[in-house]
Amino acid sequence: LLVVLFVGVPVVLTLRNKPDKYTQSATEAARKEIPNAEVRDVRVAGGFAIAIVSDPTSKSQIRDGNMTIFKVNEDGSMTMLASGSSFTPLDLLALGMPLATQAEFKGTSVDQVKQNLSSVCGYDGFDIPGYSGFGGTFEPDRWQIDSGTLDDLEQAITAVIGSKNTTAKSPEEKIICVNATKNKSNAVTDMKTYISTFTLELQFVSGGGVMTTHTFTFSIGPNYYKSYTLDGQKLSSESSQTRSLSP
């Protein structure tokens, strides 16, 4: 009898120390990207998981732990989506996480998350959207948008979105944010006309948290040439200089 008790004790302790199924799934997913990953504080909601992932062998920030987002698959496994120090409501929407799920993770209301989203985008509550992500550099060759060009392209985009927002049936349908991503950017110069055309991938975000992806181009060249397209369609706000250069 004593032998059975002593043998049984380690078994009980092992079972108690075994990670729960969510921590196991998150660890397996994280180790596909970070071989020495350790996972803690896993929370699950709405088909997503958030956890702290650390790497004790690293000399970077992840040694102490990064907030990491996972997608929970139907079979209970997880897929690691992103890792960083923090995520804005816009970041999480881009990862596919709805505003309601974001609110559940934060322990707050959906209305509060919507307010945070508006703040991130610089939206003032009217028909003109806020703009985000246009600073910094884009590939190839790490090109940048100067302030004058940024004003012009914002005016071109706002002319389209603003008119649609005025006819939106509810604030949920209005486009409140235009976010420039770092994906699929491009820059090409025609060496005959010296017109440079720049391409950006844009995310349009509605007040209700619906995100759509669009392709925007702007072209600049000699004699103040300017032209803009959205999803392949020329914008009506293109300059008179653009029209004057047409054959």
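Basis of the calculations
- Residues numbered from 1 in each chain as written.
- Predicted model: local features only at pLDDT ≥ 70, side-chain atom pairs only at ≥ 80, totals over all residues.
- Heavy atoms only, no water.
- Core = buried A, V, L, I, M, F, W, Y, C linked by side-chain atoms within 4.5 Å.
- Buried < 20%, exposed > 50% of the residue type's maximum accessible area, 1.4 Å probe, protein only.
- Helix = DSSP H or I, 4+ residues; strand = E, 2+ residues; numbered from the N terminus.
- Salt bridge = Lys/Arg side-chain N within 4 Å of Asp/Glu carboxyl O.
- Pairing = 2+ DSSP bridges.
- Axes fitted to C-alpha atoms, helices over the stretch in contact; angles between N-to-C directions.
- Contact = heavy atoms within 4.5 Å.
- Disulfide = S-S within 2.5 Å.
- Phe/Tyr/Trp six-rings, centres within 6.5 Å; stacked < 30°, edge-to-face > 60°.
- Lys NZ or Arg CZ within 6 Å of the ring centre and 35° of its normal.

### Section: the nonpolar core
In terms of nonpolar packing, the biggest core is built from 22 residues, with F134, I157, L202, F216 and F218 touching the most fellow members. Taken together, the elements giving at least two residues each to this core come down to α6 (147–166), β6 (175–180), β8 (195–206), β9 (211–221) and β10 (225–230). Sorting elements by how many residues they give to this core places α6 first, with five residues. In terms of nonpolar packing, the next biggest core, distinct from the first, is built from 14 residues, A26, V39, I62 and V72 among them.

### Details of the pattern of salt bridges
Taken as a whole and assessed by the stated rule, the structure comprises five salt bridges. Between K114 and E172 there is a salt bridge whose closest N-O contact spans 2.7 Å. You can see K114 sitting in helix α5 (residues 110–121) and its partner E172 sitting in the loop between α6 and β6, a full 58 residues away along the chain. Here D152 makes a salt bridge to K226, at a shortest N to O gap of 2.4 Å. Highlighted residues: D152 in helix α6 and K226 in strand β10, separated in sequence by 74 residues. For D152, a relative accessible area of 22% puts it in the partly exposed group. The class of K226 is partly exposed, set by a relative accessible area of 27%.

### Focus on the pairing of strand β1 (residues 38–45)
The pairing of β1 with strand β2 (residues 48–54) spans six bridges and is classified as antiparallel. Looking across to β2, one finds that E38 is bridged to S54. Between the end of β1 and the start of β2, which pair antiparallel, lie two residues, with G46 showing a positive phi angle near 55°.

### Focus: the sheet that holds β2
Hydrogen bonds between backbone groups are what pair the strands of a sheet, and the pairing can be parallel or antiparallel. Pairing is antiparallel across the open sheet formed by four strands, whose spatial order is β1-β2-β3-β4. Because the sheet does not close on itself, it has two edges, and the strands there are β1 and β4 (78–84). Each neighbouring strand pair of the sheet contributes to a mean axis angle of 25°, computed without reference to strand direction. Against the sheet, helix α4 (residues 99–106) makes contact with β1 and β2, and its axis sits at roughly 125° relative to β1, the strand it touches most.

### Observations concerning the state of the cysteines
For the structure on display, the rule yields one disulfide. The disulfide partner of C121 is C177, and the gap between their sulfur atoms is 2.2 Å. On the sign convention where negative is left-handed, the bridge of C121 and C177, at about -85° about the S-S bond, is left-handed. Taken together, the residues C121 in helix α5 and C177 in strand β6 connect sequence positions 56 residues apart. Of the two residues, C121 and C177, neither departs from the other in class, the shared state being buried.

### Remarks on the packing of aromatic side chains
All told, the structure shown has seven aromatic pairs when counted by the stated rule. Taken together, F138, W143, F198, F216, F218 and Y228 form an aromatic cluster joined through their ring pairs. Across from the ring centre of F48, 5.0 Å away, lies the NZ or CZ of K71, which sits over that ring. Directly above the aromatic system of F138 lies the positively charged group of K182, at a separation of 3.9 Å from the ring centroid.

### Re α4
Residues of α4 that are buried include every one of L99, T101, Q102, A103 and F105, and no others. If you follow the buried residues of α4, they end up packed against β1, β2, α3 (89–94) and α5. Immediately downstream of α4, the backbone of G107 shows phi near 70°, a positive value.

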